[in-house]
Each structure stands twice: as C-alpha cells, then as structure tokens.
Amino acid sequence: MFAEKACNLIKELSRCEEVLPPYHTELVKEVCTEIKQLHEQNKEDGAIVANESSIAGYANALYPTLRIGSSAVKRNVRCLLAYHYNRLKTLRTMRWEFGSILPQDIKTNLSSDEIEWFTKYSRSFAKYMTSIGENGLNLCLDLRPPKSLYIEVKCLMDYGKFELSDGTILLLKKDSRHYLPRSECEELITQGVFQHIV
Amino acid sequence: MDEIDIESAINDVDIDNDEEVQLSLPEIIQLMEENWLNEKFSPEVLPNRMDIVELLLDQITTLENNLKKLSNADFKKGLYQMEVDRIRFLISSYLRKRLEKIETYSTVILEQEKSRVQQGSETYLSQNELEFAQEYDQSIREHFESIMRFCPGITETQLINPNLHTMVFLKSKEDIEGIVIDDGNDENDLIDLNKGSQVLISYKSVNNFVKSGNVHLI
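What you see is a predicted model; the values in this text were computed from it and never measured. (Residues numbered from 1 in each chain as written. Chains lettered and ligands numbered in written order. Predicted model: local features only at pLDDT ≥ 70, side-chain atom pairs only at ≥ 80, totals over all residues. Heavy atoms only, no water.)

When the domains of chain B are assigned, the result is domain 1 (3-103), domain 2 (106-150) and domain 3 (167-217). Each of domain 2 of chain B and domain 3 of chain B has a C-alpha centre, and these two points are 30 Å apart. (Domains from an automatic or database assignment.)

The structure is reproduced here in structure tokens:
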C-alpha cells in the first residue's frame, strides 16, 4: 500500500516522545525511493493524459490513477517532513536542557544533517541570549517560579570542588547532602550532578 | 556598616523613560506581569515590550549590587534576593514564551513583520528576535531542502499558522462598547464590556484590545 512505510516513520515518532530514537536511515531511504518512483510514474501518466487532449481530462481512464498517485506523493512527503521536523523539535528541547554540548549517546542517534542543524540552532540561540540587556540573560535558568531561596540537594556523583559565588568552596562527594541557594545549583541539577530533594 | 536602604530602592525608584512618564518599580513589575500573562495566553506573538524588560534588568543589576553590600546574617537579604529571583523568572519566562512562538510560527511571523515594515508600522519583534527568527527559519528550510534533495521537482511547504480563534479569559480594564463576536455566521453579535468584567471569548474578537492594553488576559 502507498505511504505505509512513511506511516511507520510517524508511528516510531509517537512511540518515543521526548527521547530521540536512532535516526532511521534505511526506512527514510525506502520512503524516498517510493516517492521517487511514484513521482516518475505520475510524470509519465501526466504526459499521457496531456497528449490525449481530445478526451476531457477527468474522463480519461488514467485520471484516477494520476489523482491517487499524486496524493500518495503528497502524503509521503508530509510524513517524511513531519518525521524530521519533530526530531528537530526534540533536539531543540535538548539544547535547552543540556546546553550546547550534547551527550555522546544522543549524538550517535543523530544524522549528520541534524548535528549540523543543532550547531546552527545552538549558535543563534546563544547569540540571542547574550543580546538581552547589557550582560545577557541565561534563559535556560529559572525554569520554574522560585518557591524558596535554599533547596536541599543530594549529590549523585563525585564531582570534586565547587565554588559558590561568595567564595566558599564545597567538596561534592557522592551521596553527600547540601543545603544551597537555588540559583547556585540549578545548573548542576540539569547536568545531573545534583538531585533535588523535595 | 553602611546603611543601604534597599527598601527605598525598591519602592521609590523613579525611572524616566522617553515619554517622561515616571514609573516606580512596583508599577513596572506590574506592567511586566501583565504583559507576561498576555504573552502566555495569546495564541500569536504580541508586540514586544523590550523597553520594560530592559528597565527591569537594569534594576535587577542595581538591586543585586546593593544586596552584595548587605551582611549575610541580615534577615532582609533573603527576602530581597527572593524578590530579585522572582523578577528574573518573570523576564526569562516572558522571553522564553516569545521564542517558543517565534520558532513555531517562524515563517508566518517573518512574513507579517515584512509587511509591517512595508506599511511603516511598528514591528512586533525586537531586532534581536528578528535576527534569531531569520536564522531559525533559514536553518529549518535548509534542513528540509537537504531532505528533499533526492527528488528535485517536489516542493512542499507547510506553514504553521497560529489558531487565532482560541478561547481566552480576559479581564477588562476599561469600559468598552461594541465588541463584535465573529462566529462565522452573517449575524454578528455585539457585546459591551464594563470595567473589571471577566469574560471567556474568542481571541480573534479581542486581539486589538489586547495589543492596545485595554484588556488583559488572565
């Protein structure tokens, strides 16, 4: 059936929201081949219909085939683009979460085009953030409205020394607990060094 | 210890802006809150209020510098720090919301901005947002083009349009007469809003009032 493979691409998307499955090169290629074949077929059929101009277009026996062929191409292209667009969306969310450097395990799941897009997006986003006000504003912080000034965090790994903005130096060890200003540890929480204990 | 009167800093900062209107900090914060809510609930991107954002950012810097001079043991320090954090959240959230819309509707927004420039009316995006929007739109376009390169001759562009018919809650700040409710029929109903009244209405009917500040979304 037409567009079945493209539909599988979309199904794959909806199965794993929020995480990025490996880029499905083979399936994408198959969809592309299908589109190409259909497109060629449509061109031929179109030429025949145009040649037999003595018969009115819609009365031609090939007309329904042409219609179906062209909507199959459209559907395929839609699915193909939707697959890529939604992957970019997820990637964008990851830029906000992880910062400009992607973890290696995610990077392996991307296509080369997607890595390139990520670099571009990351650059223009960073440019935008530095342009706000005089000194720039990090939009990746303050994601939730502040409830309290200090929060309790648990350190999940041996991080080493960590300097607070007032100059105090903390030694962060695995499983140690700290009571720190929220603004200081927000970044470490998103990096996964700290766990916020509620 | 130097007596730093942050309280007065918070309460009576007078800021001159271009129209020579004097606004105190609480008033600016209130304005910001209002614009933040509008931006949050409206389906389309609204005219930017970078003027307020910049004023507030300046204020935050000043306040933080003053706070540094206070001793850690001072009870007030925590309270003011919290207030500064709240303001910063407000600004970040506002700008984040705008970016989100700019990314989703980039193509449409860029077209609208272009026609606004041609008509000589004020643009909705700030200069920096515009640059970001152009770069973003370009990058998406290139990505799509490289996907479709295998088969030249097929052009497919999908524009994502904001749904202007979303229902919004709003509160009126003034008496407004004769809002046209466009429900797609030929007969249009008119309603009047009294000051302070709250209604649930389609965004399309009131978008001009939201932009001019006569009503605000809640």
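This part is about the side chain of Ser146(B). Secondary-structure assignment places Ser146(B) in helix H6 (residues 127-148). Among the polar contacts listed, one links the side chain of Ser146(B) to the backbone oxygen of His143(B), at a separation of 3.1 Å. (Helix = DSSP H or I, 4+ residues; strand = E, 2+ residues; numbered from the N terminus. Polar contact = N/O pair within 3.5 Å; in protein donor to acceptor, adjacent residues only side chain to side chain.)

A few words now on the layout of surface pockets. Estimates place the volume of the largest pocket at around 1200 Å³. Contributing to the lining of the largest pocket are 37 residues, with Ser165(A), Ser183(A), Glu64(B), Gln81(B) and Arg88(B) lying nearest its centre. Broken down by element, the residue count for the lining of the largest pocket peaks at eight residues, all from helix H3 (residues 50-69) of chain B. Considered class by class, the residues forming the lining of the largest pocket number 12 nonpolar, 11 polar and 14 charged. Considered as a void within the structure, the second largest pocket measures approximately 1000 Å³ in volume. Lining the second largest pocket we find 36 residues, and of these Cys140(A), Leu141(A), Leu143(A), Glu186(A) and Thr190(A) sit closest to its centre. Of all elements in the fold, only helix H3 (63-98), helix H5 (112-131) and helix H6 (182-191) of chain A together with helix H4 (75-104) of chain B reach the threshold of two or more residues within the lining of the second largest pocket. Residues that form the lining of the second largest pocket fall into these classes: 13 nonpolar, 11 polar and 12 charged. (1 Å grid on protein atoms, 1.4 Å probe; cavity = no way out; pocket = protein on both sides within 12 Å on 5 of 7 lines; lining within 4 Å. Points joined across faces, edges and corners; volume = space filled by probe spheres on them. Nonpolar A, V, L, I, M, F, W, Y, C, P; charged D, E, K, R; others polar.)

Right, let's get into the sheet that holds strand E3 (residues 167-172) of chain B. Pairing between the strands of a sheet comes from backbone hydrogen bonds, and it takes one of two forms, parallel or antiparallel. Residues and elements named next belong to chain B. The antiparallel open sheet is built from three strands, whose spatial order is E6-E3-E7. At either end of the open sheet lies a strand with only one pairing partner, and these are strand E6 (198-202) and strand E7 (215-217). Taking the axes of each pair of neighbouring strands and ignoring which way they run, one obtains an average angle of 40 degrees across the sheet. Here E3 pairs with E7 via three bridges, running antiparallel. Each residue of the ladder has a partner; that of Leu170, found in E7, is Leu217. Seen against the sheet, helix H7 (residues 203-212) touches E3, E6 and E7 and runs at an angle of roughly 120 degrees to E6. (Pairing = 2+ DSSP bridges. Axes fitted to C-alpha atoms, helices over the stretch in contact; angles between N-to-C directions. Contact = heavy atoms within 4.5 Å.)

Our focus in this paragraph is the interface of chain A and chain B. The interface is formed by 42 residues belonging to chain A together with 42 residues belonging to chain B. Summing both partners gives a buried area of about 3900 Å² for chain A against chain B, and 67% of it is carried by carbon and sulfur. The tally of links between chain A and chain B comes to four salt bridges. A salt bridge links Glu103(B) to Arg92(A), with the nearest nitrogen and oxygen atoms 2.2 Å apart. At the boundary of chain A and chain B, one finds nine residue pairs in polar contact (both at pLDDT 80 or more). At the level of elements, helix H2 (25-51), H3 and H5 of chain A are the ones that each hand at least two residues to the side of chain A that touches chain B. The element contributing the most residues to the side of chain A that touches chain B is H3(A), with 12 residues. The residue inventory of the side of chain A that touches chain B, partitioned by class, reads 21 nonpolar, six polar and 15 charged. (Buried area = accessible area lost by both parts, 1.4 Å probe. Salt bridge = Lys/Arg side-chain N within 4 Å of Asp/Glu carboxyl O.)

Positioned with a positive phi, Asp175(A) is a non-glycine residue whose angle comes to about 65 degrees. Its location among the elements puts Asp175(A) in the loop between strand E3 (169-172) and strand E4 (177-181).

Once that is clear, we can look at the sheet that holds strand E5 (residues 194-197) of chain A. Residue and element names in this part refer to chain A. Pairing is antiparallel across the open sheet formed by three strands, whose spatial order is E4-E1-E5. Strands with a single pairing partner mark the edges of an open sheet, and in this sheet they are E4 and E5. Direction aside, the axes of adjacent strands within the sheet are offset by 40 degrees on average. The pairing of strand E1 (residues 150-155) with E5 spans four bridges and is classified as antiparallel. Bridge assignment links Glu152 to a residue of E5, and that residue is Ile197.

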